[in-house]
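# Topology and contacts: notes
The residues making up each chain are set out below.
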Amino acid sequence: MTFIQMWLFMNNRSEPLRQASLLMLLAGGVGHGDTLLQSLRAHEQESKSIWASKIGQLRILLEHGHSLSGALTIISELLPDQTMTAIRVAEGTGALADVLMDEARRLHEQTRSKSVSTGTLEQDLLWAAALLTIATAIVTYLIVKIVPEFKAIFDGFGVDLPPATKAVIEVSDFAFSYWYLFIVPVTATVVAFFWLVYSSLWNQLTHGYTRFAGLWPRYWLPGVLRTLSLSAASGQPLGRALDCVMLDLPPGRSAKVVSAFRHRVHGGEDAIAAMQSVGLLRASEAAFLHSSLRTHHLDWGLRHLADSVERRRRNLFRRLSQFIGPGVVLIVGAIVMFLARGFFEPLITLLNDLSREG
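Described in the following lines is the structure provided in the data block. None of these values were measured; they are calculated from a predicted model.

Turning to the overall build of the chain, a few remarks are in order. The helix and strand inventory of the chain stands at 17 helices and 0 strands. On C-alpha atoms alone, the chain measures out to a radius of gyration of 29 Å, which is more than a quarter above the 21 Å that the 2.2 N^0.38 rule sets for 358 residues. Taken over the C-alpha atoms alone, the chain extends approximately 95 × 50 × 35 Å along its principal axes. Evaluated residue by residue, the chain yields a buried proportion of 42% over its 358 residues. In the chain, 61% of the contacts between residues at least 6 apart in sequence involve partners at least 24 apart. Summing over all exposed atoms, the chain offers an accessible surface of approximately 19400 Å²; the carbon and sulfur share of this is 63%. One finds the centroid of the 33 positive side-chain charges in the chain at a distance of 4 Å from the centroid of its 30 negative side-chain charges.

Another aspect to go through is helix 6 (residues 81-90). Most of helix 6 is tucked away, with 10 of its 10 residues classed as buried. Taken residue by residue, helix 6 has D81, Q82, T83, M84, T85, A86, I87, R88, V89 and A90 as its buried positions.

A separate point is a positive patch on the surface. A surface patch of positive charge is lined by R311, R314, R318 and R319. In this fold, R318 is placed in helix 16 (residues 298-321).

With respect to the secondary-structure elements, R262 resides in helix 13 (residues 253-266). The spacing of R262 and I272 is 10 residues in sequence and 12 Å in space, taken between C-alpha atoms. Sequence-distant contacts of R262, that is, excluding residues within four places in its chain, are made with L242, D243 and M246.

For the structure shown, the criterion picks out 5 aromatic pairs. Three or more aromatic residues joined by ring pairs make a cluster, and in this case those are Y209, W216, Y219 and W220. Lying across the ring of W216, R313 places its NZ or CZ 4.9 Å from the centre.

On to the packing of helix 12 (residues 238-248) against helix 13. Across the interface, helix 12 lies against helix 13 with an axial gap of 9 Å and an inter-helix angle of 160°. If you check the angle between helix 12 and helix 13, you find them roughly antiparallel. In this structure, helix 12 crosses over helix 13, and the sense of that crossing is left-handed. Residue-level contacts link L238, G239, L242, D243, V245 and M246 of helix 12 to A255, V258, S259, F261, R262, V265 and H266 of helix 13.

Moving on, we come to a nonpolar patch on the surface. Taken together, F174, Y178, Y180, L181, F182, I183, V184, V186 and V190 make up a surface patch of nonpolar side chains, about 840 Å² in accessible area. Considering each element in turn, the nonpolar patch owes the most residues, 7 residues, to helix 10 (residues 179-207). By the element assignment, V186 lies in helix 10. Judged by its relative accessible area of 46%, V186 is partly exposed.

Within the secondary structure layout, T83 lies in helix 6. As a C-alpha pair, T83 and R106 span 23 residues in sequence and 9.7 Å in three-dimensional space. The residues touching T83, leaving out its near neighbours within four places in the chain, are L23, E103 and R106. Side-chain polar atoms of T83 contact the side chain of R106, separated by 3.4 Å.

What follows deals with the nonpolar core. In summary, soluble globular proteins display a tendency toward joint burial of nonpolar side chains. Ranked by size, the top nonpolar core spans 63 residues in total, and within it L22, L58, L68, F261 and M275 carry the most contacts. L68 has contacts with L26, L58, L62, I87, E91, L96 and L100, leaving out every residue within four places of it along the chain. V168, I169, F343 and L350 belong to the second-largest nonpolar core, a separate cluster that totals 9 residues.

Conventions and cut-offs
Sequence order as written defines residue numbering, which begins from 1 separately in each chain. Residue-level local features of this predicted model are given only where pLDDT is at least 70; pairs of side-chain atoms are given and counted only at 80 or more, and the full residue set underlies all totals for whole chains, interfaces and linings. Values reported for side chains reflect all heavy atoms of the structure, with hydrogen atoms and water molecules removed beforehand. Only DSSP runs of H or I with at least four residues qualify as helices, and only runs of E with at least two residues qualify as strands; both kinds are numbered from the N terminus onward. Atoms considered for the radius of gyration are the C-alpha atoms alone. The globule rule reads 2.2 Å times the number of residues to the power 0.38. Between buried and exposed lies partly exposed: a residue is buried under 20% and exposed over 50% of the maximum accessible area for its type, with that area taken using a 1.4 Å probe on protein chains only. Note on contacts: a residue pair qualifies if any of its non-hydrogen atoms lie within 4.5 Å across the two residues. Using the Shrake-Rupley algorithm and a 1.4 Å probe, accessible areas are obtained, with residue cover drawn only from the displayed protein chains. Charged-residue counts in this description rest on Lys and Arg as positive and Asp and Glu as negative, His and the chain ends being excluded. In this description, the location of a charge corresponds to atom NZ of lysine, CZ of arginine, CG of aspartate or CD of glutamate. A residue counts toward a patch only above 30% relative accessible area and without a salt bridge, and it is joined to like-charged neighbours within 9 Å or, for Val, Leu, Ile, Met, Phe, Trp and Tyr, to nonpolar neighbours within 5 Å. Salt bridge, as applied in this entry: a Lys or Arg side-chain nitrogen positioned within 4 Å of an Asp or Glu carboxyl oxygen. Each pair of aromatic rings taken from Phe, Tyr and Trp, with Trp reduced to its six-membered ring, is defined by centres within 6.5 Å and is described as stacked if the planes are under 30 degrees apart, edge-to-face if over 60, and tilted in the remaining cases. Counted as over-ring charges are cases with an Arg CZ or a Lys NZ within 6 Å of the ring centre that also lie within 35 degrees of the ring normal. Simply put, an axis is a line fit to the C-alpha atoms, just over the touching stretch for a helix, and the angle between two N-to-C directions goes from 0 to 180 degrees. Throughout, the term roughly parallel applies to angles under 35 degrees, roughly antiparallel to angles over 145, roughly perpendicular to angles from 65 to 115, and oblique to all others. Two helices that cross are described as forming a left-handed crossing if the nearer one is turned anticlockwise from the farther one by less than a right angle, and a right-handed crossing if clockwise. The definition of a polar contact used here is a pair of N or O atoms within 3.5 Å, where within protein one atom must be able to donate a hydrogen and the other to accept one, and adjacent residues in sequence count solely through side-chain atom pairs. For the purposes of this section, nonpolar cores are sets of buried Ala, Val, Leu, Ile, Met, Phe, Trp, Tyr and Cys residues that join through side-chain atoms within 4.5 Å.

These results come straight from atomic positions and should not be treated as a statement about function.
Pasting the structure below:
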């Protein structure tokens, strides 16, 4: 569980652990209306604040005859959008309970894969921010306070300063004279960057997708494949599943690509070829799905490919996050080397001059 998820959990807001528990409760009550309503009432009573209010709204909507997907659509930020799509499709297949349990397991695995003990992108960014903040404070103190006094001391001795020290002094003079030119843009950039990271992680936990997922069509591929697998397993038209997918996609490039895919399927084009044509599938992935289709296991192939894409993506982000720490260390090390040369070279020069005079 990440720090943001801990905060969401402590403040009784939607997050994967609560969402998985709710899905398991709903799965146990499918087909038994009275039992489901009693379970929701009990869950509402044992919950607090915002989450209890959302569960109460869900119970009331179901009591008034709304379908599960319809009720969940009305209540904002209760379940991830991709889970909502799976529920809409599953309601017409007779496999709603199985789908709810599958989504609960998926959310639970998502929580386990982001354990604080194993290290997360969130932790790496917080560590990098803390280290850079400390390094910036030290460098600022040296440039504003120490360097001018250092320069005055060596001017008094009449010692020619080495090029490295002159470079430090030039940087110090520029920073001291024109600090107002870069402090506001730099501060604003740093604040905006960390706000975007924070809001993206928040959106991932509550809605199930990152902030800029609308610009990345392949981000939605696992969800699309799982939705199509439900239709393939039940024999329903794939176009109906894609209609459900479009209801939960945020506006952007991803929605346009999936919409183009849906229009091709409604026009009678082979779904696998259409996915490859619009850029959702790679050639090797399309070949795997064609093989699954020939062996009459398309539903299994779609689910397996969805899991494979998500696993590769997690591994990629995990490897990329491992470069954050070394990158920050290299940046701080370069700054320390620059300052160390600037401070120690003139000291060595001064000691050599004094030893010759002695």
